[in-house]
Amino acid sequence: MKFKIDYHIQSIYKLDLTFLKKSHIKNLVIDLDQTLDSPFSVLPSSDAFKLKDELNKLDIKMYVISNNRLKRVKPYCDKLKVTYLSRAKKTKKKRILQFLAKNDINIKETLFVGDQLLTDGIYTKKINGLFLLVEPLTDVDNIFTKINRKIDIIIRRKLRKRNLLGIELGGK
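As the structure is a computational prediction, the values presented were derived from the model and not from experiment.

Enquirer: Go over the pairing of strand E5 (residues 110–114), please, and point to the residues and values.
Expert: Counted residue by residue, E5 has 5 buried out of 5 residues, so it is predominantly covered. Here E5 shows two buried faces, one formed by Thr110, Phe112 and Gly114 and the other by Leu111 and Val113. In terms of strand pairing, strand E2 (residues 27–30) meets E5 through 4 bridges, oriented parallel. In the strand pairing of E5, Val29 is matched with Phe112.

Enquirer: Go over the pattern of salt bridges with me, naming the residues and quoting the values.
Expert: The full count for this structure, using the stated rule, is 11 salt bridges. When the shortest N-O distance is used, the salt bridge between Arg156 and Glu135 registers 2.9 Å. Of this pair, Arg156 sits in helix H6 (residues 146–161) while Glu135 sits in the loop between strand E6 (130–134) and H6, placing them 21 residues apart in sequence. Among the salt bridges present, the one from Asp152 reaches Arg156, with a minimum N-O distance of 2.5 Å. Of this pair, Asp152 and Arg156 both sit in helix H6, separated by 4 residues, roughly a single helical turn. Grouping residues by exposure puts Asp152 and Arg156 together as buried. Where salt bridges share partners, they join Glu135, Asp152, Arg156 and Arg160 into one cluster.

Calculation rules
Residues numbered from 1 in each chain as written. Predicted model: local features only at pLDDT ≥ 70, side-chain atom pairs only at ≥ 80, totals over all residues. Heavy atoms only, no water. Buried < 20%, exposed > 50% of the residue type's maximum accessible area, 1.4 Å probe, protein only. Helix = DSSP H or I, 4+ residues; strand = E, 2+ residues; numbered from the N terminus. Pairing = 2+ DSSP bridges. Salt bridge = Lys/Arg side-chain N within 4 Å of Asp/Glu carboxyl O.

Nothing here speaks to function; it is geometry throughout.
Written out as structure tokens, the structure reads:
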């Protein structure tokens, strides 16, 4: 499978948010585990709250799409006050497209952010969205992600050698 990576940055927290405004982005759809926070964080970090506040000031809406279970995603997103989709089945686009339609999210005005090519990268390509690939926030994954992560690392190495990891966005 060929991957479509538009942008790459170390962390969502290093992104200069004025880039989103200049690019006419009105929605940021972010993966939860390893992108927005550690997979073991029960509550949002201060960085997550700060990001949400900064996006609000720019009139950019933040959403979370996660493959994780409702009991993981709901408490986190409720505390952060963001709309979310849990158990997204990211390698298939049906539930994601339903979520986007239900929330009136225009794909062309949205940046999708994730740390895994095999989930976030695949669904974003299938729906023809703009994809920002980030590095995982921590070195510790939950049991279900470990296999994908090993494959992801190999794919990233190959893409990096061929200069196919997308435009590197400077951080703040």
